[in-house]
Amino acid sequence: MTIERKLMWRQHPEAFEDDAKRILLALSIKKWLWRTLESIQRATGLSHDSLVENLAELIERSLVKVSVQKTTREPIFGLWERVGGRSEQQQRLR
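Residues numbered from 1 in each chain as written. Predicted model: local features only at pLDDT ≥ 70, side-chain atom pairs only at ≥ 80, totals over all residues. Heavy atoms only, no water.

As a further point, take helix α1 (residues 18-26). Along α1, the positions that sit buried rather than exposed are Ala20, Ile23, Leu24 and Ala26. On an axial view of α1, the arc spanned by its buried residues comes to 160 degrees, and they lie on one face. Considering only its buried residues, α1 is in contact with β1 (35-36), α2 (37-44), α3 (48-60), β2 (64-68) and β3 (75-79). (Buried < 20%, exposed > 50% of the residue type's maximum accessible area, 1.4 Å probe, protein only. Helix = DSSP H or I, 4+ residues; strand = E, 2+ residues; numbered from the N terminus. Arc of directions from axis to C-beta. Contact = heavy atoms within 4.5 Å.)

The following block contains the structure:
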C-alpha cells in the first residue's frame, strides 16, 4: 500500500502514541480517502476498545473527520487534511 508522505501529522510523529500512529497510517493510505471502523481495525490490528478510544482522541484533536456513508449509513473516517482541507489544529502544527 502506498502512503501519502507529505501529511502534516507525519512531520510530528512524536506527538502520537503507537496506537494513534497505526490509525493515522491506515487513514494515510492513498487508495482510500475514507475508511470504515471495521477496515481501520483490520488495518491496525487494534482491539475495538483501543480503536474507538484512540479515534475519539484524534477526532477531538481535529486530525480525523467523521462522516456517514450514504448507502449504508455507517460511520466513515478520514484525515481532515485529505478529506476536508487542513483543520485548525493542523494549521497550528505548521
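After that view of the structure, there is still more to cover.
The sheet built from three strands is open, its strands ordered β1-β3-β2 with antiparallel pairing. Two strands close off the open sheet at either side, each with one partner strand: β1 and β2. Along the sheet, α3 makes contact with β2 and β3, crossing β2 at roughly 105 degrees. (Pairing = 2+ DSSP bridges. Axes fitted to C-alpha atoms, helices over the stretch in contact; angles between N-to-C directions.)

Right, let's talk about the packing of α1 against α2 for a bit. Following both chains from N to C, one finds α1 and α2 inclined at 115 degrees, their axes separated by 9 Å at the closest point. With respect to the hand of their crossing, α1 and α2 are arranged in right-handed fashion. Contact with α1, carried on its side by Arg22, Ile23 and Ala26, involves Ile40, Ala43 and Thr44 of α2 and no other residues of that element. Class assignment of the residues belonging to the contact of α1 with α2 gives a composition of four nonpolar, one polar and one charged. (Left-handed = near helix turned anticlockwise from the far one by under 90°. Nonpolar A, V, L, I, M, F, W, Y, C, P; charged D, E, K, R; others polar.)

Quick look at the pairing of β3 now. The buried count for β3 comes to four of five residues, which makes it a mostly enclosed element. As paired strands, β1 and β3 are joined by two bridges and run antiparallel to one another. Bridging from a neighbouring strand, Arg35 pairs with Phe77 of β3. Bridging between β2 and β3 involves five bridges; their strand directions are antiparallel. Each bridged residue has a counterpart across the sheet, and for Val68 the counterpart in β3 is Pro75. Here β2 folds back onto β3, and the loop between the two strands holds six residues, one of which, Arg73, carries a positive phi near 65 degrees.

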